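# Structural overview
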Amino acid sequence: MNTSDTPRDMPRFADVTTMEVGGRISEFVEPDSRASFLEAIIMADVMGKKLCVIGGGSNMLVSDEDFDGVVVRDKRRQISVLDEAAPVEEGAPHTTTVSATAGVHWDDFVSYCVRMGLAGVEALSGIPGTVGASVVQNIGAYGQEVASVVTAVEVWDREEKAVKTFSREDMDFGYRHSLLKATMYEHGPHTAPTQFYPSPRYIVLEVTFTLLHAQTNAVGMEQLARALGVNVGESFSIQHIRDAVLQIRDAKGMLEDVHRYENPWMVGTVESAPGTALDEGPEGSPESSPEDRNKYSCGSFFMNPLLSQDEADKLPADAPRFPAVDEQGRDVVKTSAAWLIDHAGFKAGYKVAEDSTAGLSTKHTLALTNRGGAQTSDILQLARTIREGVRNTYGVTLVPEPVFIGVEL
Ligand SMILES: Cc1cc2nc3c(=O)[nH]c(=O)nc-3n(C[C@H](O)[C@H](O)[C@H](O)COP(=O)(O)OP(=O)(O)OC[C@H]3O[C@@H](n4cnc5c(N)ncnc54)[C@H](O)[C@@H]3O)c2cc1C
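Residues numbered from 1 in each chain as written. Predicted model: local features only at pLDDT ≥ 70, side-chain atom pairs only at ≥ 80, totals over all residues. Heavy atoms only, no water.

This brings us to helix H10 (residues 376-394). Over its 19 residues, H10 runs 27 Å from end to end, which matches the ideal 27 Å to within 8%, given 1.5 Å per residue. Considered for burial, the residues of H10 that qualify are Thr376, Ile379, Leu380, Leu382, Ala383, Ile386, Arg387, Gly389, Val390 and Tyr394. Tucked into the core, H10 has its buried residues touching strand S3 (60-62), helix H9 (337-343), strand S18 (358-360), strand S19 (368-370) and strand S20 (403-405). With its phi angle positive at about 70 degrees, glycine 395 sits one or two positions after the end of H10. (Helix = DSSP H or I, 4+ residues; strand = E, 2+ residues; numbered from the N terminus. Expected span 1.5 Å × (residues − 1). Buried < 20%, exposed > 50% of the residue type's maximum accessible area, 1.4 Å probe, protein only. Contact = heavy atoms within 4.5 Å.)

The structure is reproduced here in structure tokens:
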């Protein structure tokens, strides 16, 4: 296996995940070319080893036990503009096609697009992780979803042992869902895992996006519109949209902690260009604060439940309700997991016990956080308590968003 930059010692999952928990990895490889990335995946599968392709480790909760398998992290960080000089037909919107390798840090990609005047991903600023994983769960925030700008996803098919290219339609995108995520579970999120788990059957090599060549874009969500002083649907500068999203995220503790990148196993995985979520902020203060612990999470730990009309009718009148479509294409009602958690009595900062090392973020009830020194078992105990509390109060069973490795709820 070509593992040009594989250090001698192996990291723990705690070194390479945002939750900062998880046991020792027996084999960690960081291929820096397409051929060696493919080789690492193929070799693991051929040798029947457990394979985990990891990006930023921001959407996984891993057991405290050692991981007896191969963890592969794509070291390629290339962004290419494919049709910069293409002629534009009169009257047609001017779009630009950009591709990025799986290992590109997601926010580096957003920062690049905004700098280049490419609209379509600015509201997704500050989401941790990589381009490769962005299409696995169809990341979304502040009125945008990655699905709306993806035109092609090049993958390695671990079953048919071939490179394939999926169109947006092939990807079957939905709310935190894609064809790729579907291949990890037999019957939907967090049901029986397939043979490919904890990664998909299809490993992302590169993603192609079609973006609008424009300095402005429509503001897609109320909270963001309020922050910018405009109405939903109005156009605004994409740079200002990005800045506002980063500020809102920061206020909610929903950015990564920059100190994470001081860990030797994370050094070099991000560009950290000025103006990104990972610079040192307006005051340039690099010191860690207790509030930074709010950032040691997987973001939203539970998905917003999709309910039938009957189930939704049983919720209190003031519970949020939004029309949605589920994975089977049925009309359903989406409610807010954060609202259910909060109204079931779990307030921001909640801990199972005073001295617990796991707790809800002090700023956001949907983020389960490692307050410092937590084990995976502490996070699980907190998650179980919350799931039970919500089920007993509202009859709704919350489904976790992160990928669980070696553990169950
Ligand atoms: C503070 C914080 C805020 C967040 N906010 C949001 C948000 O607003 N919206 C949102 O949607 N998510 C959010 N998330 C969740 C997370 O950032 C996203 O799910 C992100 O896309 C995960 O990327 P990653 O590279 O870290 O994936 P990882 O955690 O490394 O992996 C997750 C899954 O993707 C698979 N995977 C990784 N790379 C590849 C690849 N190349 N090919 C195939 N499979 C792959 C892994 O095997 C695993 O199954 C947040 C997380 C945190 C910590």
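Additional details are given in the paragraphs that follow.
For the rest of this paragraph, the subject is empty space enclosed by the protein. Counting across every chain of the model gives one cavity of 30 Å³ or more. Estimated volume of the largest cavity: approximately 30 Å³. In terms of lining residues, the largest cavity is bounded by Ile42, Asp45, Val46, Trp156, Arg158 and Lys161. At three residues, helix H2 (residues 34-46) tops the list of elements feeding residues into the lining of the largest cavity. Per-class residue counts for the lining of the largest cavity are three nonpolar, no polar and three charged. (1 Å grid on protein atoms, 1.4 Å probe; cavity = no way out; pocket = protein on both sides within 12 Å on 5 of 7 lines; lining within 4 Å. Points joined across faces, edges and corners; volume = space filled by probe spheres on them. Nonpolar A, V, L, I, M, F, W, Y, C, P; charged D, E, K, R; others polar.)

Once that is clear, we can look at the site of the ligand. Not every one of the 36 residues close to the ligand is listed here, only the nearest: Val53, Ser58, Thr130, Ser199 and Arg249. In the model, an oxygen atom of the ligand is placed 2.8 Å from a nitrogen or oxygen of the glycine 56 main chain. The fraction of the free accessible surface of the ligand (980 Å²) that becomes covered by protein chains is 96%. For the shell around the ligand, the secondary-structure elements that each account for two or more residues are helix H4 (131-134), strand S8 (140-141) and strand S12 (202-213). (Near = heavy atom within 4 Å. Polar contact = N/O pair within 3.5 Å; in protein donor to acceptor, adjacent residues only side chain to side chain. Areas by Shrake-Rupley, 256 points an atom, 1.4 Å probe, with all protein chains shown as cover.)

Right, let's get into the side chain of asparagine 217. By the secondary structure assignment, asparagine 217 is in strand S13 (residues 216-218). With relative accessibility at 18%, the residue asparagine 217 sits in the buried group. One polar contact links asparagine 217 to glutamate 122, side chain to side chain, over a distance of 2.8 Å.

This part covers the UniProt feature "active site" (unreviewed entry) in the protein chain. In the UniProt entry, the feature "active site" (unreviewed entry) is given for Arg176, Ser300 and Glu401. Of the residues just listed, which span 226 residues, no C-alpha pair is farther apart than 11.2 Å, and they cluster in one region. Secondary-structure assignment places arginine 176 in the loop between strand S11 (162-167) and helix H5 (179-182). Beyond its immediate stretch of four places on either side in the chain, arginine 176 contacts Gln137, Asn138, Ile139, Gly140, Glu145, Lys181, Met303 and Glu401. A polar contact of 3.3 Å, which involves the side chain of arginine 176, links it to the backbone oxygen of asparagine 138. Relative to the elements of secondary structure, serine 300 occurs in the loop between helix H7 (238-252) and strand S15 (306-307). Overall, the relative accessible area of 22% leaves serine 300 in the partly exposed class. (UniProt positions renumbered as here; feature names shortened; annotations may be inferred.)

This paragraph deals with the sheet that holds strand S16 (residues 322-325). Strand order in the open sheet made by the three strands is S15-S17-S16, with antiparallel pairing throughout. Edge strands, defined here as strands with exactly one partner in the open sheet, are S15 and S16. Where S16 meets strand S17 (residues 331-334), four bridges bridge the pair, whose relative direction is antiparallel. Looking at S17, one finds that alanine 324 is bridged to valine 332. (Pairing = 2+ DSSP bridges.)

Moving on, we get to a nonpolar patch on the surface. A surface patch of nonpolar side chains, amounting to about 280 Å² of accessible area, comprises Met43, Val46 and Met47. Assignment of secondary structure puts valine 46 in helix H2. For valine 46, a relative accessible area of 57% gives the class exposed. (Patch = residues over 30% accessible without salt bridge, like charges linked within 9 Å, V, L, I, M, F, W, Y side chains within 5 Å. Salt bridge = Lys/Arg side-chain N within 4 Å of Asp/Glu carboxyl O.)

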